[in-house]
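Take a look at the letters that make up each chain.
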Amino acid sequence: MFDLGPNAGFIWISYGAAVLLIGGLIVWAWAGEREQQQRLAGLERRGLRRRSSQQEL
Amino acid sequence: MSGLSEPQTVRAPAEDTMFGPALRGWLAFMVLAIGWSVSRYYVGVANLEANGNPGWDTWLWWVPEIMVVVGILGLFILVVSLEAGNHSRIANLANPTPFMRMSGEILPRLALVTALLIAAGLAMSFRAPPDDLQGQAARIMFIHVPAAWLSMACYTLTAISSAGYLIWRHPLADVSAKAAVPIGATFTLLALLTGSLWGKPMWGAYWVWDARLTSVLILFFLYLGLIALRQAIDDPGRAGRAAAILSLLGAVNIPIIKFSVNWWNTLHQPASVIRAGGPTIHPALLIPLLVMAFAFTLLFVALHMKAMRAEILRRRCEAMIAIHVRGGGEAANV
């Protein structure tokens, strides 16, 4: 696809590491919020309320 | 949710209509600027290869890149001005509920623009001509340099947030500090890995104990220490204060990293972009580097916002459980 010369391996591994690490960060960030949203919804279904829930809807 | 009589339920739709058109306009502006920047860059490189005159020696060439920068700054001005209009004090921005509402509206657009900018940066990175001395291996720079900048910027944000938490005891400052650390650690690891992979073909070694590399390795250990410290202390308040103190102590490492290449005789090259006298990199390589740097910066902002939202929700859950436990009931099952 691209002729990256004799150091192509170093270049592709660098970009691959970037994809893996940044992809992992994105999954961590999105899954983290989703998990907490589900946890919060579960607590609310069980009737638990926040102290400030009456001021903040 | 309960509370039909609560006034805030009436106010929310009006705020949505204030943010909506402005953010849609911002999105259109950014798509235009990014698309124009990529197409102009391809034309410039083609001209460079054909007749040696790319045409980017006049300021007019840089209009699309200037538009991207103005767009990024504009987003923050937009948010602050609209939030300040909605609430009587800008300080309200630092409260969790306005933050959750604001970030919920901004994040989808910000994620889209970030993805576009990363795609544009990658397209430019692989179109850039090889460097005269380093050849194709210089393409690692487009990943390594933004990651290294962000590793320091992220720690600086952590230290500022920590100072905010220690001085004003503001919970959102602690949330910001905690959320930034894993992101900063990952960017630091990426900078170390790509630096090592760049060093082998250029220096003949994956690692040397020179001042720049060693100080960045210390930064990585500081990030790991901050994560470990929070996990080692059960009480969240004490953990937050201890992590804040450690992050402020570690902030001394940031100027050491930045100026290590000037203070000591290092194998790592000296500053070549942010330096007195202007950048020493050719525009053919500088433009993709700057686009990637802006893309990584926006990515960091989006990831930090998302991680802060998760932490705020986690604290809400913990607070609900704590209230329930104090009031008796079925806490053990929660």
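This text gives an overview of the structure that appears in the document.

Calculation rules
Residues numbered from 1 in each chain as written. Chains lettered and ligands numbered in written order. Predicted model: local features only at pLDDT ≥ 70, side-chain atom pairs only at ≥ 80, totals over all residues. Helix = DSSP H or I, 4+ residues; strand = E, 2+ residues; numbered from the N terminus. Buried ≥ 20, exposed ≤ 12 C-beta atoms within 10 Å, placed from the backbone. Axes fitted to C-alpha atoms, helices over the stretch in contact; angles between N-to-C directions. Parallel < 35°, antiparallel > 145°, perpendicular 65-115°, else oblique. Left-handed = near helix turned anticlockwise from the far one by under 90°. Nonpolar A, V, L, I, M, F, W, Y, C, P; charged D, E, K, R; others polar. Core = buried A, V, L, I, M, F, W, Y, C linked by C-beta atoms within 7 Å. Contact = placed C-beta atoms within 7 Å. Expected span 1.5 Å × (residues − 1).

### Considerations on the overall build of chain A
Part 1 of the reasoning: Scanning chain A for helices and strands turns up one helix and zero strands.
Part 2 of the reasoning: Counting across all 57 residues of chain A, residues that qualify as buried make up 18%.

### Looking at the packing of helix α4 (residues 141–168) of chain B against helix α5 (residues 171–203) of chain B
Residues and elements named next belong to chain B.
Part 1 of the reasoning: For the pair α4 and α5, the least separation of the axes is 7 Å and the interaxial angle reads 160°. When the axes of α4 and α5 are compared, the pair comes out roughly antiparallel. Remark: the crossing between α4 and α5 carries left-handed chirality.
Part 2 of the reasoning: Residue composition of the contact of α4 with α5, by class: 18 nonpolar, eleven polar and one charged.

### Here we look at the nonpolar core
Part 1 of the reasoning: Judged by nonpolar contacts, the single largest core of 84 residues is most densely connected at Ile140 and Val291 of chain B.
Part 2 of the reasoning: In terms of residue count, helix α9 (residues 283–326) of chain B provides more of this core than any other element does, 23 residues in total.

### Some details on the packing of helix α3 (residues 96–127) of chain B against α9 of chain B
Residue and element names in this part refer to chain B.
Part 1 of the reasoning: Orientation of α3 relative to α9, taken along the N-to-C sense of each, is 150°, at an axis distance of 8 Å. Here α9 runs roughly antiparallel to α3, going by the angle between their axes. As α3 packs across α9, the resulting crossing turns out to be left-handed.
Part 2 of the reasoning: Class assignment for the residues of the contact of α3 with α9 results in 22 nonpolar, four polar and two charged.

### Side note on the environment of Tyr41 of chain B
Residues and elements named next belong to chain B.
Part 1 of the reasoning: Following the sequence through the fold, Tyr41 ends up in helix α1 (residues 8–51).
Part 2 of the reasoning: Accessibility expressed as a C-beta count within 10 Å gives 25 for Tyr41, which makes it buried.
Part 3 of the reasoning: When the C-alpha positions of Tyr41 and Trp62 are compared, they lie 9.8 Å apart, and in sequence the two are 21 residues distant.

### Points about the interface of chain B and chain A
Put simply, an interface is often sized by how much accessible area is lost when its parts join up.
Part 1 of the reasoning: Between chain B and chain A, the residue contacts involve 37 residues of the former and 31 residues of the latter.
Part 2 of the reasoning: Every element with two or more residues in the side of chain B that touches chain A is listed here: α1, α3, α5 and α9 of chain B.
Part 3 of the reasoning: If you tally residues by element for the side of chain B that touches chain A, the top one is α9 of chain B, at 13 residues.
Part 4 of the reasoning: The residue makeup of the side of chain B that touches chain A, split by class, is 21 nonpolar, nine polar and seven charged.

### Examining helix α1 (residues 8–45) of chain A
Part 1 of the reasoning: Spanning 38 residues, α1 of chain A covers 55 Å between terminal C-alpha atoms, matching the ideal 56 Å at 1.5 Å per step.
Part 2 of the reasoning: For α1 of chain A, the complete set of buried residues consists of Phe10, Ile11, Ser14, Ala18, Ile22, Leu25, Ala29 and Glu33 of chain A.
Part 3 of the reasoning: Of the surrounding elements, those touching the buried residues of α1 of chain A are α4, α5 and α9 of chain B.
Part 4 of the reasoning: Where α1 of chain A terminates, the next one or two residues include Gly47 of chain A, which has phi positive at roughly 95°.

### Comments concerning the environment of Thr280 of chain B
Part 1 of the reasoning: Here Thr280 of chain B is to be found in the loop between α8 (253–263) and α9.
Part 2 of the reasoning: For the pair Thr280 of chain B and Ala244 of chain B, spaced 36 residues apart in sequence, the C-alpha to C-alpha distance is 37 Å.

### A look at the environment of Gln134 of chain B
Part 1 of the reasoning: Residue position: Gln134 of chain B is located in the loop between α3 and α4.
Part 2 of the reasoning: The spatial distance from the C-alpha of Gln134 of chain B to the C-alpha of Glu65 of chain B is 26 Å, given a sequence separation of 69 residues.

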